[in-house]
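What follows is the residue order along each chain.
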Amino acid sequence: MASKRWLSWIGIDAAILPLVLGRSWSVVAAPLTPFCVGLFLSQEQQGLFYLFGSILAIQAMFELGFGQVLMQHFSHDAARCGSITGALAEPSDEAVSRVRLYFRVGCAWYALLAGVILGVVGPLGLGFIRATGEIETLAGPWWLLVGASAATTLIQPIVLLINGFNYVPFVNTVRTIALSTQNLVLCLALFLGAGLY
């Protein structure tokens, strides 16, 4: 009880606490990841490890900020979708219809983006790998990364919908757990000799 009062006093609520914990974990894990990469990967693999991440970071450029716009539309109509959000107001058919439309448009956009990742970024990266002469050892990890990135892109509309409907504490908790697990699994996999996989 005293801890809840203390957290409330400094302005940390159920939506912010997972973010604070996640950022605190990042401070600990940030030096751990490069240490494990440097310890368990060869110099060539280290360069490719960071190159893979840089190439896939262009998906943020392809998104063009659409996610923020979509979440704003979801949150604007969430209050009018009473039965979904638990609000006291009667749900508006227009608002529910708009949310469905936004969700369909979001799914189409992110499916297109996932297709670009699979159909354009994947083969371009494979061409780069082919130029290094290590196609047989690097193609598997590359396609695994491209596939995971495309899958993550496909679930974006669902995450935006949940966020827009004010389930921010839930989303932040899931993100914090994912971030923490990601770092631990990466270091464990490197330790066990997974290499670029």
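Residues numbered from 1 in each chain as written. Predicted model: local features only at pLDDT ≥ 70, side-chain atom pairs only at ≥ 80, totals over all residues. Heavy atoms only, no water.

**Thoughts on the overall build of the protein**
Thought 1: For the protein, the count of helices and strands is 10 helices and zero strands.
Thought 2: Along the protein, helices and strands appear, N-terminal first, in the series α-α-α-α-α-α-α-α-α-α.
Thought 3: Burial status across the protein gives 29% buried among its 197 residues.
Thought 4: Put simply, 74% of the contacts in the protein that link residues at least 6 apart link residues at least 24 apart.
Thought 5: Accessible surface for the protein amounts to roughly 12000 Å². Of this, 70% is attributable to carbon and sulfur atoms. (Helix = DSSP H or I, 4+ residues; strand = E, 2+ residues; numbered from the N terminus. Buried < 20%, exposed > 50% of the residue type's maximum accessible area, 1.4 Å probe, protein only. Contact = heavy atoms within 4.5 Å. Areas by Shrake-Rupley, 256 points an atom, 1.4 Å probe, with all protein chains shown as cover.)

**Describing a nonpolar patch on the surface**
Thought 1: The grouping of Leu32, Phe35, Leu39, Phe40, Leu188, Phe191 and Leu192 at the surface amounts to a nonpolar patch, some 730 Å² of accessible area in total.
Thought 2: Listed by contribution, the elements that provide at least two residues to the nonpolar patch are helix H2 (17-40) and helix H10 (168-191).
Thought 3: With four residues, H2 is the single largest residue contributor to the nonpolar patch.
Thought 4: Position of Phe191 relative to the elements: it lies in helix H10. (Patch = residues over 30% accessible without salt bridge, like charges linked within 9 Å, V, L, I, M, F, W, Y side chains within 5 Å. Salt bridge = Lys/Arg side-chain N within 4 Å of Asp/Glu carboxyl O.)

**Some points on the packing of helix H7 (residues 93-132) against helix H8 (residues 135-154)**
Thought 1: For the pair H7 and H8, the least separation of the axes is 9 Å and the interaxial angle reads 165°. Between H7 and H8, the crossing angle belongs to the class labelled roughly antiparallel. When you trace H7 past H8, the crossing you get is right-handed.
Thought 2: Looking at side-chain class alone, the contact of H7 with H8 contains 18 nonpolar, six polar and one charged residues. (Axes fitted to C-alpha atoms, helices over the stretch in contact; angles between N-to-C directions. Parallel < 35°, antiparallel > 145°, perpendicular 65-115°, else oblique. Left-handed = near helix turned anticlockwise from the far one by under 90°. Nonpolar A, V, L, I, M, F, W, Y, C, P; charged D, E, K, R; others polar.)

**Some words on the environment of Gly38**
Thought 1: Topologically, Gly38 is positioned in helix H2.
Thought 2: Overall, Gly38 belongs to the partly exposed group, its relative accessible area being 39%.
Thought 3: Placed 152 residues apart in sequence, Gly38 and Leu190 show a C-alpha to C-alpha distance of 9.9 Å.

**What to know about the nonpolar core**
Thought 1: Grouped together as the largest cluster of nonpolar side chains are 31 residues, with contacts concentrated most on Leu70, Phe74, Cys81, Trp142 and Leu160.
Thought 2: For this core, the secondary-structure elements that each account for two or more residues are H2, helix H3 (43-56), helix H5 (66-78), H7, H8 and H10.
Thought 3: Discounting residues that sit within four places of it in the chain, Leu160 has contacts with Gly67, Leu70, Met71, Phe74 and Tyr110. (Core = buried A, V, L, I, M, F, W, Y, C linked by side-chain atoms within 4.5 Å.)

**Some points on the confidence of the model for the protein**
Thought 1: Predicted confidence across the protein gives a mean pLDDT of 80, with 86% of residues reaching 70 or more.
Thought 2: By mean pLDDT, helix H6 (residues 82-85) is the weakest element of the protein at 52, and H7 is the strongest at 88. (pLDDT = per-residue confidence, 0-100.)

**As for the pattern of salt bridges**
A side chain of one charge can pair with a side chain of the opposite charge if their charged atoms are brought near each other.
Thought 1: Enumeration according to the criterion identifies one salt bridge in this entry.
Thought 2: For the salt bridge of Asp77 with Arg98, the shortest nitrogen-to-oxygen distance reads 2.8 Å. With Asp77 in helix H5 and Arg98 in helix H7, the pair connects residues that are 21 residues apart, well separated along the chain.
Thought 3: Accessibility expressed as a relative area gives 0% for Asp77, which makes it buried.

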